[in-house]
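Listed below are the residues making up each chain.
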Amino acid sequence: MVSPEGLVAAAAVLAGLGLLAWRLWAGRLEVPGGSRKEEEEEEGIPFITEDGSGRCRLLCKPSALAQHLVRSLGRSAVLRGGRWPWSRWPRLQMLRQLLQLPEPEPAVARELLQLPDAGLVALDWLVGPWGAAGGCGGGPSPLLLLIPNAAGKVTGGLLRLGLRALERGFVPVIFNRRGHNGCPLTTPRLQPFGDPGDLREAVTYLRYRHPAAPLLAVSEGSGSGLLLAYLGESGSSSRLAAAACISPVFRGQDWFEAGMPWLYEWPLLLHLKRGLSRLLRVGTRGDGIPRTATPCPPLPRYVGSLTEAVDTDRLLGSRSLRELEETLFCRTKSHPTSWEAYWERNEPLRDADEVAVPVLCLCSADDPVRGPPARSLPLELFRSSPYFFLLLSPRGGHCGFPRRGPGRCWGHEAVLEYFRAMAEFLRAEERRKGLPRARRWGGPAVEPPAFTWQRSYTR
């Protein structure tokens, strides 16, 4: 039986599709960046594509690592996929990405990780019919940590990326914030936009459980704010070998204040409200994702504490993502703070100068969610930092990058090719410099030291 929330969501989607079709038919749908050639599209190293997106450009600071990435992308077929007929309609791509689920929908095995303050986060391990196929070369299969958007919505695109990674020999695991996607809320607080404390605990646990496996991370949309904040705060102690952000949001405060297309904001707002309303009811169950793990015993939920911490009427009555964010984290009853002070602690790039592992940011100039490139892309960061790489496509929408054929998203293939290139580069440098391997075959598994990129790689 369909729930009332489901009927409302379906009606909203149908209304949105009708309005979108009418605007397309009337010729009044604007394509951001399509009216004139942006300065940003002229920078960087060009890559010819045949998927309807035109020329991709890689903007980065020259280095040995950058040269290797350029060669890898240049000789790869990743950026030369088949055409997709709706490449000029980013809002249609956005709806497709939010609504379409992979076929078949994957099963996940859930692990609950207890945090120092007794809170819980959930790690969903994707399982499927494919075994590890070597991934990025010899040795243990690399772990791929998948971070959903800030609303915690595990989209079909993120699941397809996980399945594609599973086919390529990675071990994908989804990070769910406290209170998201059926993860029990056992504290009177949720995770702020750019607070990496819970993610740090999850990374530490994954490194402890798989000490010899390379650890990679990829985030989707607004979830990139969490990953970028973690990389900045952790610096050379991040324990990650490489990271990637698909359609990232770089400036959190500006993003919330500018507003988003209602076709994107309204479904996410409804998703968040449904999750919060579940947390305010006793006996909440998960979101229906099939799991192979044994269900956990009943856990205490601090329903009363959450009600005492925030104004629930104002929370569930929020009409925008900004109003909901402000109610949750700024207008609390015990520790209220200002909107500006909140973003001083949660801006994704507040410690960008401290990032010490390679980060690929895959963006499109027509992203209707992030906003125009001129005001939403920190181009100077990519020009000056040896660790940040911007792969900018004229078209691709928000987390869309569609193509026909296997995978249906050339952006996912580009991210996996980037991880393969990073592993290839590291192996070549280890052989050239005679660096020790993390694990000796035939001996006991010993936890390696915290991963640190050599400065010479980025010069």
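The next thing to look at is unusual backbone geometry. With a phi close to 55°, asparagine 181 is a non-glycine residue in the positive phi region. Following the sequence through the fold, asparagine 181 ends up in the loop between strand E6 (171-176) and helix H5 (197-209). Even without being a glycine, arginine 239 presents a positive backbone phi close to 70°. By secondary structure assignment, the location of arginine 239 is in the loop between helix H6 (224-234) and strand E8 (242-246).

Residues at a pLDDT of 70 or more form 68% of the chain, whose mean pLDDT is 78. With pLDDT under 50 throughout, residues 20-41 is counted as low confidence; its partners more than four residues away or in other chains account for 29 contacts. Confidence drops under a pLDDT of 50 for residues 131-137, and excluding neighbours within four residues, the segment shows 15 contacts in the predicted structure.

All right, on to the nonpolar core then. Judged by nonpolar contacts, the single largest core of 42 residues is most densely connected at Leu231, Val359, Cys361 and Leu390. Counting 41 residues, the second-largest nonpolar core is a separate cluster that includes Ala242, Leu362, Ala414 and Leu416.

Attention shifts here to the environment of aspartate 351. Within the secondary structure, aspartate 351 is located in the loop between helix H12 (339-346) and strand E9 (359-364). With residues up to four places along the chain from it excluded, the contact list for aspartate 351 reads Gly232 and Glu233.

Calculation criteria
- Residues numbered from 1 in each chain as written.
- Predicted model: local features only at pLDDT ≥ 70, side-chain atom pairs only at ≥ 80, totals over all residues.
- Heavy atoms only, no water.
- Helix = DSSP H or I, 4+ residues; strand = E, 2+ residues; numbered from the N terminus.
- pLDDT = per-residue confidence, 0-100.
- Contact = heavy atoms within 4.5 Å.
- Core = buried A, V, L, I, M, F, W, Y, C linked by side-chain atoms within 4.5 Å.
- Buried < 20%, exposed > 50% of the residue type's maximum accessible area, 1.4 Å probe, protein only.

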